[in-house]
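Letter by letter, the chains look like this.
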Amino acid sequence: MNTSIGDIRQIVFDTLRPSLQRPVPLSDATNIVNDLGLDSVAMMDFVMEIENRLDISVPLDRIAEIESLGDLVRTLRELKGVP
Amino acid sequence: MSLLDKFASLRAAYDGLESSRANPFNVAFDRVLSPTEAKIGDRDILLLGTNNYLGLTYDPAVIARAVEAIETFGSGTTGSRIANGSYDGHMRLERALADFYGRRHAMVFSTGYQANVGMLSALAGKNDHLLLDADCHASIYDGARLGHAQVTRFRHNDPDDLAIRLRRLGDTQGDKIIVVEGIYSMLGDSAPLREFAAVKREWGAYLVVDEAHSLGVLGETGRGLAEAAGVEDDVDFIVGTFSKSLGGVGGFCVSDLDGFDILRVVSRPYMFTASLPPSVVAAALEALRQLRARPVLRKRLMDNARRYYDGLAELGFDLGPEPNPVVSAIMPDPESAFAFWSRLLDAGLYTNVSLPPATPKGLALLRSSVSAAHTPSQIDHALSLFAEVGRSMGLIAPARLALRAAG
Ligand SMILES: Cc1ncc(COP(=O)(O)O)c(C=O)c1O
């Protein structure tokens, strides 16, 4: 199955929405800590939800570099090898 | 602007706790009387949040050996074992640990935290892969960060998720090192170690088990979960601490791996810190001797743990999945945990509050740890205080309903 960058963004947003305390508009610019209030472990848990949907593992040093949803989408895309 | 501005929201939360005069992260005991009793001011406090699993902190022989050692060898070693030399006690303690586990090698660190950081950072090199259980202790995550290996996290206690991640690595070069714990410190659950061992064998990985909370607690002879699960041969490295069941401070790693001793001049947290003082080493040696000679301590501990766990479950508290000496009541939110904790302390019972990110899944926990030194009546007293506070906060059913549900 081919996954496009748009698919990855959709998976990220869809995975995130049900776990948010209050509705927040999501975009590539959304800051994961400041706008969504996720702590370090919540962030890793969230990435874990996505990993299995894309069948990739995201190393922790890569997670540590991510600040925005756009960063996350880019990292997932690289690891998945999507052009 | 101040350097510490980045902690502003944490500061506000911390100050809020301080001004409520009920800050679980800033408790001081004015006196400690026994493994289970202390004083704050002139109030008697029953201790149920200590990790003093075998209750050995006031054991007369442990204290006597520590006193002899401090008188004979002095108060400290004033340096690292590599730069400044080992003492006889360090060597004897390492031999005693190797003998206890039936392994060829043992290495002692100055804390359990350093044992994890020291082992993981040294074992996993640049091209290797560390696979950590999602709920592993901070020291395991910090050890992974100090090294240069690629680190991935697998779902807590999920051997299938671990296998999926090993499959994804495929034939990427480098060794694979899996890290799990015996008993997890937050919810008191244990790892499905037989299943993890099977995955480890299938994929040709190494397995590290941190038995910090299971040494002296699980297994026929108290060696921990690897012994209890019958998979010691599959566990390549056991890490542990003297700070819980052994009632002191210090950490260790045991292994049968050829050439293990080279780690002494590789592991920075082993080399670049002062070694344990003679009194601490002597106390740990004696506590280990007692752990081996007095299996009754383990039986008392587990009897107490079951009495306490079953009691809280019957009252209607939401608990971790297994009756172990770590017993955590899951609170609806941090505020309830603080309120519950402070009412217990006012009534003379000390427990722990554990909050995210230190806890799994964002849980707010009111954590207790049971000791072999607790008497059944101390356990029952703690249960009655939990019942009283839990009911008055509306967290559990009122007395009559609870009775009917139990009957
Ligand atoms: C699982 C685990 N590993 C290691 C440690 C660190 O041990 P220590 O406090 O002896 O440094 C702890 C506890 O603090 C722990 O819970």
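See the structure shown above.
Conventions used here
Residues numbered from 1 in each chain as written. Chains lettered and ligands numbered in written order. Predicted model: local features only at pLDDT ≥ 70, side-chain atom pairs only at ≥ 80, totals over all residues. Heavy atoms only, no water. Near = heavy atom within 4 Å. Polar contact = N/O pair within 3.5 Å; in protein donor to acceptor, adjacent residues only side chain to side chain. Areas by Shrake-Rupley, 256 points an atom, 1.4 Å probe, with all protein chains shown as cover. Nonpolar A, V, L, I, M, F, W, Y, C, P; charged D, E, K, R; others polar. Phe/Tyr/Trp six-rings, centres within 6.5 Å; stacked < 30°, edge-to-face > 60°. Helix = DSSP H or I, 4+ residues; strand = E, 2+ residues; numbered from the N terminus. Buried < 20%, exposed > 50% of the residue type's maximum accessible area, 1.4 Å probe, protein only. Contact = heavy atoms within 4.5 Å. Buried area = accessible area lost by both parts, 1.4 Å probe. Salt bridge = Lys/Arg side-chain N within 4 Å of Asp/Glu carboxyl O. Right-handed = clockwise from strand over helix to strand, strands pointing away. Pairing = 2+ DSSP bridges.

Q: Requested: an account of the site of the ligand, with residues and values cited.
A: All names here are of chain B. Around the ligand, 14 residues are found, and the nearest of them are Asp210, His213, Thr241, Ser243 and Lys244. Within the backbone of tyrosine 113, an N or O atom sits 2.8 Å from an oxygen atom of the ligand. Here an oxygen atom of the ligand sits 3.1 Å away from a polar atom, N or O, in the side chain of lysine 244. Against a free-state accessible area of 390 Å², the protein chains account for coverage of 84% of the ligand. Looking at the shell around the ligand residue by residue, the class counts come to two nonpolar, nine polar and three charged.

Q: Describe the packing of aromatic side chains, naming the residues involved and giving the relevant values.
A: All names here are of chain B. Taken as a whole and judged by the stated rule, the model has 13 aromatic pairs over all chains. Between the aromatic rings of phenylalanine 29 and tyrosine 350, the centroid separation amounts to 5.0 Å while the plane-to-plane angle is 90°, which identifies the pairing as edge-to-face. Here tyrosine 350 lies in strand E12 (residues 349-350) and phenylalanine 29 lies in the loop between helix H1 (8-19) and strand E1 (31-34), a separation of 321 residues in the sequence. Take tyrosine 350: its relative accessible area is 11%, and that puts it in the buried class.

Q: Before we move on, can you summarise the interface of chain B and chain A with the specific residues and values?
A: Interfaces are often sized by the accessible area lost when the parts come together. Across the boundary between the two partners, chain B contributes 16 residues, which contact 15 residues of chain A. Overall, the association of chain B and chain A removes approximately 1,400 Å² of surface from exposure, summing both partners, and the carbon and sulfur fraction of that is 47%. Three residues, Arg153(B), Arg155(B) and Arg168(B), lead the burial of chain B against chain A; their summed loss comes to 46% of the area buried on that side. Taken together, the links from chain B to chain A amount to five salt bridges. Asp55(A) is the partner of Arg167(B) in a salt bridge, and the nearest nitrogen-oxygen pair spans 3.3 Å. Summed over the shared surface of chain B and chain A, the number is nine residue pairs in polar contact (both at pLDDT 80 or more). Elements that contribute at least two residues to the side of chain B that touches chain A include exactly strand E6 (150-154) and helix H7 (159-169) of chain B.

Q: Mind laying out the pairing of strand E8 (residues 206-210) of chain B, listing which residues take part and the relevant values?
A: All names here are of chain B. Most of E8 is tucked away: four of the five residues are buried. Handedness of the crossover joining strand E7 (residues 176-181) and E8 through helix H8 (residues 193-203) is recorded here as right-handed. Note that E8 and strand E9 (residues 237-241) share three bridges and pair parallel. If you follow aspartate 210 over to E9, its bridge partner there is valine 239.

Q: Could you give an account of the pattern of salt bridges, with specific residues and numbers?
A: Throughout the structure, instances matching the rule amount to 29 salt bridges over all chains. Put simply, Arg168(B) and Asp55(A) hold a salt bridge, and the shortest N to O gap is 2.7 Å. Placement of the pair is Arg168(B) in helix H7 and Asp55(A) in the loop between helix H2 (40-54) and helix H3 (60-65), with the two residues belonging to separate chains. With relative accessibility at 35%, the residue Asp55(A) sits in the partly exposed group. Across the salt bridge formed by Glu94(B) and Arg264(B), the nearest N and O atoms sit 3.0 Å from each other. Note that Glu94(B) is positioned in helix H4 (residues 88-101) and Arg264(B) in the loop between strand E10 (251-255) and helix H10 (268-271), a separation of 170 residues in sequence. Overall, the relative accessible area of 7% leaves Glu94(B) in the buried class. Among the charged side chains, a network of salt bridges with common partners joins Arg81(B), Glu94(B), Asp261(B) and Arg264(B).

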